[in-house]
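Summary of the model geometry
Here's the letter readout for the chains.
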Amino acid sequence: MTLNPDGGHYEQLFSKAAQRVAHQSSILVDLPNETPETISLAFGDADPHIFPAQQITASVAGLLAEDVDAVMNYAPADARLLAVVQQRLERRGVSVDPSQLMITYGSSQVLGLLPQIFVEPGDTIIVEGPTFLGAVEYFAAAGAHIETIPVGPQGMDIEALAACLLDLQHRNIRPKFIYTIPTFQNPTGTLMPAIARARLVALAAEFGVLVVEDDAYGDLHFKEHNSPSMLTLPGSEWVLHIGTFSKILAPGIRMAWAYGPPAVMKRLRAFKSESDCGTFVTRLVSYMAQDGWLDRHISSLRSHYAAKSTAMVAAIAEHFPKDVRTNVPEGGFFVYGYLPQDLPAVPLNDIAIAHGASFLPGTTGYANGQGTHEMRIAFSFQTTPNLVTGITRIGAAMRELRARNS
Ligand SMILES: Cc1ncc(COP(=O)(O)O)c(C=O)c1O
C-alpha cells in the first residue's frame, strides 16, 4: 500500500479524541457571509479602546529594569501574582490555602484540562443550556455525555438540576462535574442568586459531584450584588473556581487561575504540560496590580461596560419589535434575547448581515440543538455608536423577516 497523507492515511494515526475534534465545528470562527463592514455584535471580545497600553508599556520597562535575568529565565510563576489572586479571593470572603491555587494560561487551559482528568468516553457531565460552548466543545471532544439544565432569568434552574441528579442516581450514573457560570452568565448575562448557589453546592456535596464555577465575568458588575463565590459556601470542598485576567486586563495576556480541592489541583498540575506559567507574564500582571492600579482599572471598566450595556438596552427598546424579549444585564458582556416563533435566529442573522450587522444565534450556546429562537448580542467590543447602528440594523432585519413571512 502507498501511504499518502492526502488520501486520509493520517486519520489512522490520530487518537480517537483528535478524530472527534476534527468532526466538530468551533464557534470561534467568523459567521458566514460577514464582511469587514459588518458591525459584529456576535463575539464577546474585550473593548480594545480601553486596553491599558500605557500601563503595559510602563510595567514592561519597569520590570525589565528591575531584574531582566529573573523574568527571562526558566523559573516558577511569580509568587507575587499568586499573592494578588489570593488577596482578590480573600476580599470575596474565601479563606485561601495557597497550595490549592494555580496560575494558568487563560481559563480555557483549565477547561481543556478538565476532561483530561475526569472524562472517559461515555462519562456524564452536566452543563447549563445555553452556556459557553467553547468549554462544552472540550468536554464533548473527550466523548462526554452531556446533560443540559435550562437557564432561567436567575441562572441555572436548580430544581431541574436536582431532578437530573436524582434521575442519574437511579440509573447508577455519577456525573463527573457540573459546569456553571453563575455570575453574568455567558451567554444569558444572568446572575444566580445566593440562595440558588447555596442549593447547588449542597446538591453537589450530597451527590458527590464537582462543581466547576467559571467566574470569567465576576468582577464586571455594574452595581453591587450579594451573590457570593461558591467557594465561600458550605460544601465548597466540591467547588473548583476558575477566574481570568482576560476580561479585566486583556485576553491576549492569557493569564488566569484555578482554585479547588487539593486532589483536583494535584491532577490539574500533573496534566498542565508547561508546568508553571512564564515568569515574564506572571510578573507583568503582578506588577500591574501594584498600588491599587488594577482595582482602579476594574472600576473604570465597570462604568465603561455599564454605559455600553445601557446604550444597547435603550437601542433595543427603540428598534426591536415589542414581542422580542431581552434581559437587562447587571454585569458582563451580553444581552440575551428570546425571539417570537416567526423570527428564527439563523435566517434572521442572514438578513441582519445583509443589513450590515450580526449577532450570535442561540443554537451556538446549546450542546443539544436548542436555542433556535434565541440570540446573544455582545455590547463589549463595538463602540457605542456602532452598537446603536448595529441594533437599528438588526431591528430592521426583524421587520423584514416578519414582512416576508406574513
Ligand atoms: C464563560 C467563559 N469562560 C472562559 C472564557 C475564556 O477565557 P480565557 O481568555 O481566560 O481563556 C470565556 C471567554 O469568552 C468565557 O466567556
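Since the structure is predicted, the reported quantities are computational estimates derived from the model, not experimental observations. (Residues numbered from 1 in each chain as written. Predicted model: local features only at pLDDT ≥ 70, side-chain atom pairs only at ≥ 80, totals over all residues. Heavy atoms only, no water.)

1. What to know about the domain arrangement of the chain
In terms of domain boundaries, the chain breaks down into domain 1 (32–51 + 295–405) and domain 2 (53–291). A C-alpha centroid distance of 26 Å is found between domain 1 and domain 2. Each side of the interface is counted separately: domain 1 has 29 residues, and domain 2 has 29 residues. Between domain 1 and domain 2 lies a buried interface of about 2,500 Å² when both sides are counted; carbon and sulfur atoms form 60% of it. The three residues of domain 1 that bury the most area against domain 2 are Phe51, Arg302 and Glu330, which together make up 24% of that side's buried surface. Taken together, the links from domain 1 to domain 2 amount to two salt bridges. At the boundary of domain 1 with domain 2, the tally comes to 11 residue pairs in polar contact (both at pLDDT 80 or more). In the side of domain 1 that touches domain 2, the residues fall into 14 nonpolar, nine polar and six charged. (Domains from an automatic or database assignment. Contact = heavy atoms within 4.5 Å. Buried area = accessible area lost by both parts, 1.4 Å probe. Salt bridge = Lys/Arg side-chain N within 4 Å of Asp/Glu carboxyl O. Polar contact = N/O pair within 3.5 Å; in protein donor to acceptor, adjacent residues only side chain to side chain. Nonpolar A, V, L, I, M, F, W, Y, C, P; charged D, E, K, R; others polar.)

2. Looking at the sheet that holds strand E14 (residues 374–378)
Within a beta sheet, neighbouring strands are joined by backbone hydrogen bonds and run either parallel or antiparallel to one another. One open sheet holds the four strands; their spatial order is E10-E11-E14-E13, and the pairing between them is antiparallel. The sheet is open, and its two borders are formed by strand E10 (325–326) and strand E13 (360–361), each paired with just one other strand. Across two bridges, E10 lies against strand E11 (residues 334–338) in antiparallel orientation. Paired with Arg325 across the bridge in E11 is Tyr338. (Pairing = 2+ DSSP bridges. Helix = DSSP H or I, 4+ residues; strand = E, 2+ residues; numbered from the N terminus.)

3. Points about the packing of helix H11 (residues 345–355) against helix H12 (residues 384–405)
Axis separation between H11 and H12 bottoms out at 8 Å; the angle between their running directions is 125°. For the element pair H11 / H12, the angle class is oblique. In the crossing of H11 with H12, the sense of the turn from one axis to the other is right-handed. On H12, the residues that touch Leu348, Ile351, Ala352 and His355 of H11 are Arg393, Ile394, Ala396, Ala397, Met398, Glu400, Leu401 and Arg404. Broken down by class, the residue content of the contact of H11 with H12 amounts to eight nonpolar, one polar and three charged. (Axes fitted to C-alpha atoms, helices over the stretch in contact; angles between N-to-C directions. Parallel < 35°, antiparallel > 145°, perpendicular 65-115°, else oblique. Left-handed = near helix turned anticlockwise from the far one by under 90°.)

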